[in-house]
Amino acid sequence: MTIIATRIDGRLIHGQVANLWTTKLNISRIMVIDNEIVTNELEKTALKLATPAGVKLSILTVEKAASNILAGRYDSQRLLIVAKKPDRFLELINRGVALRNLNVGNMSQSAETISVTRSINVLKQDINDFDAIAKTGTMLTAQMVPSDTAIDFMPLLNKVRQESHHN
């Protein structure tokens, strides 16, 4: 299996982070998994423009991503998988793709979200999805850029969970 890294990032591929991660991990292909973006030409164009030079880009539905990975289509490549939310990764796992580690990057704030860190904001559904991912044995870490230390994400989530019960 050639999945080098997986990352949740609400902004998907954007300058600094894309360049830092692809360079640090020597990524040859970025795979965006998102069932909506697949049909959105404008967003697809923006993602292509944001992809670092020399790196291939795939924008796939979760189902297509899972079948391509399981079929060994990327076995000779170094793959970085990016999605906006944990549910995409949960579905990928449920379709048989084993993930050792999932890096929780940036999740945007909204009126309904609970703040976990300055850059990670979750909905109740996201918390359920993270719990389900953790149960599969995937290690969840929070790390914005490669120079940051990766920290265990579940204790951060548990702290927020307790606080939200007391309010």
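Residues numbered from 1 in each chain as written. Predicted model: local features only at pLDDT ≥ 70, side-chain atom pairs only at ≥ 80, totals over all residues. Heavy atoms only, no water.

Taking an unreviewed UniProt entry as the reference, the protein is identified by name as PTS system sorbose subfamily IIB component belonging to Streptococcus pseudoporcinus LQ 940-04. For the protein, the Subcellular location (unreviewed entry) comment in UniProt is given as "Cytoplasm". (UniProt positions renumbered as here; feature names shortened; annotations may be inferred.)

Asks: Explain the packing of helix 4 (residues 86-94) against helix 5 (residues 124-135) to me, please; I cannot follow it from the model alone.
Replies: Geometrically, a packed helix pair is captured by the angle between its two axes and the distance between the axes. Where helix 4 contacts helix 5, the two axes come as close as 9 Å, and the packing angle between them is 30°. Here the hand of the crossing between helix 4 and helix 5 comes out left-handed. Side by side, helix 4 and helix 5 meet where Pro86, Asp87, Phe89, Leu90 and Ile93 of the first sit next to Asp126, Asp129, Phe130, Ala132 and Ile133 of the second. The class makeup of the residues in the contact of helix 4 with helix 5 is 7 nonpolar, no polar and 3 charged. (Axes fitted to C-alpha atoms, helices over the stretch in contact; angles between N-to-C directions. Helix = DSSP H or I, 4+ residues; strand = E, 2+ residues; numbered from the N terminus. Left-handed = near helix turned anticlockwise from the far one by under 90°. Contact = heavy atoms within 4.5 Å. Nonpolar A, V, L, I, M, F, W, Y, C, P; charged D, E, K, R; others polar.)

Asks: Please clarify how the nonpolar core should be interpreted in this entry.
Replies: One broad trend across soluble globular proteins is that nonpolar side chains are buried collectively. In terms of nonpolar packing, the biggest core is built from 35 residues, with Met31, Ile81, Phe89, Leu92, Val122, Phe130 and Phe153 touching the most fellow members. With residues up to four places along the chain from it excluded, the contact list for Val122 reads Met107, Glu112, Thr113, Ile114, Val116, Ile127, Phe130 and Leu157. Counting 16 residues, the second largest nonpolar core, distinct from the first, contains Val17, Ile27, Ile30 and Leu47. (Core = buried A, V, L, I, M, F, W, Y, C linked by side-chain atoms within 4.5 Å. Buried < 20%, exposed > 50% of the residue type's maximum accessible area, 1.4 Å probe, protein only.)

Asks: Would you mind showing me how to read the sheet that holds strand 9 (residues 151-152) here?
Replies: A sheet is described by the order of its strands in space; here 7 strands give the open sequence 3-2-4-1-5-8-9, paired in mixed fashion. Here the strands that pair on one side only, and so sit at the sheet edges, are strand 3 (56-60) and strand 9. By the bridge criterion, 5 bridges tie strand 1 (residues 3-9) to strand 4 (residues 79-83) in an arrangement that is parallel. Looking at strand 4, one finds that Ile3 is bridged to Leu79. Contacts from helix 1 (residues 15-25) reach strand 1, strand 2 (29-33), strand 4 and strand 5 (101-106), with the element oriented near 165° to strand 1. Each of strand 1, strand 2, strand 4 and strand 5 touches helix 4; the most contacted strand, strand 4, lies at about 125° to it. (Pairing = 2+ DSSP bridges.)

Asks: In this structure, what is going on with the pattern of salt bridges? I would like to understand it.
Replies: One pass over the structure, following the stated rule, counts 10 salt bridges. Close ionic contact of Arg11 with Asp9 constitutes a salt bridge, the shortest N to O distance being 3.2 Å. Where Asp87 meets Arg88, a salt bridge forms, and the shortest distance between an N and an O atom there is 3.1 Å. Given the relative accessible area of 12%, Arg88 is considered buried. (Salt bridge = Lys/Arg side-chain N within 4 Å of Asp/Glu carboxyl O.)

Asks: Would you mind showing me how to read helix 3 (residues 62-70) here?
Replies: In an α-helix, one turn spans 3.6 residues, which is why side chains three or four residues apart end up on the same side. Listing the buried residues of helix 3 in full gives Val62, Ala65, Ala66, Asn68 and Ile69. All buried residues of helix 3 fall inside an arc of 165° around its axis, so they share one side. Buried residues along helix 3 sit in contact with strand 1, strand 2, strand 3, strand 4 and helix 4. One or two steps after helix 3, the chain reaches Gly72, where phi turns positive at roughly 80°. (Arc of directions from axis to C-beta.)

Asks: Would you mind going over the pairing of strand 4 with me for this structure?
Replies: A large share of strand 4 lies buried, amounting to 5 of its 5 residues. On strand 4, burial covers both faces: Leu79, Ile81 and Ala83 on one face and Leu80 and Val82 on the other are all buried.

Asks: Looking at this structure, I do not really get unusual backbone geometry. What am I missing?
Replies: The residue Leu12 is not glycine, and still its phi comes out positive at about 55°. Mapped onto the secondary structure, Leu12 falls in the loop between strand 1 and helix 1. Look at Leu12 and you get buried, because its relative accessible area is 5%. Look at Asn26: it is not a glycine, yet its phi comes out positive at around 55°. As for its position among the elements, Asn26 is in the loop between helix 1 and strand 2.

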